[in-house]
Amino acid sequence: MNSQSVNTQPAVGFIGLGIMGKPMAKNLIKAGYHLNVYNRTASKADELVALGAVPHASPAALASKSDVIIVMVSDSGDVEQVVLGPSGVIEGVQRGAVVIITSTISPSTVRNVAAKLAQKDVEVLDAPVSGGEEGAKNATLSIMVGGKRGIFDRCLPILRAVGTNVVHMGEVGMGEMAKLCNQIMASLNLLAMCEGLTLAAKAGLDLEKLLEALQGGAARSWALVNQAPKVLKGDFRPGFTIKLQQKDLRLALGAAEELHVPLLGCSLVHELYKAVEAEPGGELFGNHALIRAIEKLAGCEVRVP
Ligand code: NAP
């Protein structure tokens, strides 16, 4: 246990204070953990430091003071950089520590990182999350976890401080595999919502009444509840950027290629997003801007004035 630990609670380090990481880190402070933080753009840590978090100049420095280190950066290469790269976690981490990767990245990268850290007697859990910015803020994320059962049990209180539905999926890498399946389902629900709204707009239906009517029925989905209202307002600020969505679809298509599974709908959504990415600033829109591709095809706009 690190010297900075409060009572029996482990000292937690958090790397990557973006849309998801910052609210998750806040919830760990709320739950009473001593929190060490690192963010590449240091100013993004200010709000957490004001709440009591301790800032560090590098992932290595943070790791040297933490029993459990959570990594919430963007992509596979970014996780490799902050964990295995120069001044990375591996340079400061203590024997017996646990690294929890909550980013959505490739299962093979997770296994590679775990193998390297095992040489330092450090365990890894992959614990990607679902539930969006809202879930991160409200500590209601769904978390799918790969890694040894005993390590999962040890880290469960930390995971429960940021999420409500925490499920052990199997060995290291299986959390990421579960998350890729989640992304296939979520992106196709989003397409379904966009197509339904587009037909409704062309037919002259009252779009707000339509949302009200559908939310209690079989078409209810996370996309319908959380994203359709933003579409109607034309609010395309990101909770989850198209850039990250495309990364996930690429990861899902790559896994399916290896396992010889045809993903017809997933491929279609991936291609449709390219039409939105081609717009100026398009890759930084929220993923619900998928509607813009469908609108172009249909020659109409789905908005409530
Ligand atoms: P984000 O807002 O773009 O934040 C990314 C964070 O990672 C920032 O703190 C960024 O630092 C840091 N980062 C990226 N590359 C780095 C590198 N090479 N070295 C050091 N730091 C680096 O992204 P997000 O939406 O929070 O997503 C984070 C992860 O969660 C992704 O894997 C995403 O797929 C997953 N996820 C997102 C959502 C969602 O709804 N947003 C939901 C579930 C899962 P800077 O501040 O310096 O840029």
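Structural notes on the overall build of the chain
A tally of helices and strands in the chain yields 14 helices and 9 strands. Taken along its principal axes, the extent of the C-alpha atoms in the chain is 65 × 45 × 35 Å. Going through the 305 residues of the chain one by one, you find that 52% of them count as buried. A separation threshold of at least 6 residues defines the contact pool for the chain, and within that pool the share at least 24 residues apart is 66%. Of the accessible surface of the chain, which amounts to about 13,800 Å², a share of 55% is contributed by carbon and sulfur atoms. Here the chain holds 29 positive side-chain charges and 29 negative ones, and the gap between their average locations is 4 Å.

Focus: the site of the ligand
Near the ligand you find 26 residues, and of these Asn39, Thr41, Lys44, Ser74 and Lys247 are the closest. One of the side-chain N or O atoms of Arg40 is found 3.0 Å from an oxygen atom in the ligand. Coverage of the ligand by the protein chains reaches 89% of its 900 Å² of free accessible surface. Breaking the shell around the ligand down by element, the ones donating at least two residues are α4 (76-84), α7 (132-138) and α12 (242-258). In terms of residue class, the shell around the ligand is made up of 9 nonpolar, 10 polar and 7 charged. A domain-level breakdown of the shell around the ligand finds at least three residues from each of domain 1 (12-172) and domain 2 (178-298).

Remarks on the side chain of His270
Here His270 is to be found in helix α13 (residues 264-277). The exposure class assigned to His270 is buried, which follows from its relative accessible area of 8%. Setting aside its immediate chain neighbours within four residues, His270 contacts Gln246, Leu249, Arg250 and Leu253.

Quick word on the domain arrangement of the chain
Much of the literature gives interface size as the accessible area that the parts lose upon coming together. Domains assigned within the chain are domain 1 (12-172) and domain 2 (178-298). Taken over C-alpha atoms, the centre of domain 1 sits 28 Å from the centre of domain 2. Inspection of the domain 1/domain 2 interface yields 1 salt bridge. With its nearest N and O atoms 3.5 Å apart, the salt bridge here joins Lys230 to Glu134. Mapped by element, the contributors of at least two residues to the side of domain 1 that touches domain 2 are β7 (129-130) and α7. Considering every element that reaches the side of domain 1 that touches domain 2, the biggest residue donor is α7, with 3 residues.

Regarding α4
Among the residues of α4, Ser76, Val79, Val82 and Val83 are the ones counted as buried. With its buried residues spanning 135° around the axis, α4 presents them on a single face.

Observations concerning the environment of Leu17
Along the chain, Leu17 turns up in the loop between β1 (12-15) and α1 (21-30). Judged by its relative accessible area of 1%, Leu17 is buried. For the pair Leu17 and Gln227, spaced 210 residues apart in sequence, the C-alpha separation works out to 23 Å. Residue contacts for Leu17: discarding those within four places in its chain leaves Lys22, Ala25, Val37, Tyr38, Asn39, Lys44, Ala45 and Leu48.

Structural notes on the pattern of salt bridges
Per the counting criterion, the structure on display carries 13 salt bridges. Linking Asp121 and Arg95 is a salt bridge whose minimum nitrogen-to-oxygen distance equals 2.5 Å. Residue Asp121 is located in the loop between α6 (107-118) and β6 (123-126), and its partner Arg95 is located in the loop between α5 (89-92) and β5 (98-101); the two are separated by 26 residues in the primary sequence. One connected set of salt bridges, linked through shared partners, spans Lys22, Lys26 and Glu47.

Quick notes on the packing of aromatic side chains
What characterises a pair of aromatic rings is the spacing of the ring centres plus the angle enclosed by the ring planes. A full pass over the atoms with the stated rule returns 1 aromatic pair. With 6.3 Å between their ring centres and 50° between their planes, Phe236 and Phe285 make a pair best called tilted. Of this pair, Phe236 sits in the loop between α11 (222-233) and α12 while Phe285 sits in the loop between α13 and α14 (290-298); the two residues are 49 residues apart in sequence, bridging distant segments of the chain.

Quick word on unusual backbone geometry
The backbone of Ser87 shows a phi angle near 60°, a positive value even though the residue is not glycine. Looking at the element boundaries, Ser87 is found in the loop between α4 and α5. With a relative accessible area of 36%, Ser87 lands in the partly exposed category. Backbone geometry places Ala139, a non-glycine residue, at a positive phi of 55°. Since its relative accessible area comes to 17%, Ala139 is described here as buried.

Let's talk about the pairing of β5
Going residue by residue along β5, you find Val98 and Ile100 tucked away on one face and Val99 and Ile101 tucked away on the opposite face as well. Pairing geometry for strand β4 (residues 68-71) and β5, over 4 bridges, is parallel. Each bridged residue has a counterpart across the sheet, and for Val71 the counterpart in β5 is Ile101. Read as a crossover between parallel neighbours, the route from β5 over α6 to β6 is right-handed.

Reading the values: rules and limits
- Residues numbered from 1 in each chain as written.
- Predicted model: local features only at pLDDT ≥ 70, side-chain atom pairs only at ≥ 80, totals over all residues.
- Heavy atoms only, no water.
- Helix = DSSP H or I, 4+ residues; strand = E, 2+ residues; numbered from the N terminus.
- Buried < 20%, exposed > 50% of the residue type's maximum accessible area, 1.4 Å probe, protein only.
- Contact = heavy atoms within 4.5 Å.
- Areas by Shrake-Rupley, 256 points an atom, 1.4 Å probe, with all protein chains shown as cover.
- Lys, Arg positive; Asp, Glu negative; His and termini not counted.
- Charge placed at Lys NZ, Arg CZ, Asp CG, Glu CD.
- Near = heavy atom within 4 Å.
- Polar contact = N/O pair within 3.5 Å; in protein donor to acceptor, adjacent residues only side chain to side chain.
- Nonpolar A, V, L, I, M, F, W, Y, C, P; charged D, E, K, R; others polar.
- Domains from an automatic or database assignment.
- Salt bridge = Lys/Arg side-chain N within 4 Å of Asp/Glu carboxyl O.
- Arc of directions from axis to C-beta.
- Phe/Tyr/Trp six-rings, centres within 6.5 Å; stacked < 30°, edge-to-face > 60°.
- Pairing = 2+ DSSP bridges.
- Right-handed = clockwise from strand over helix to strand, strands pointing away.

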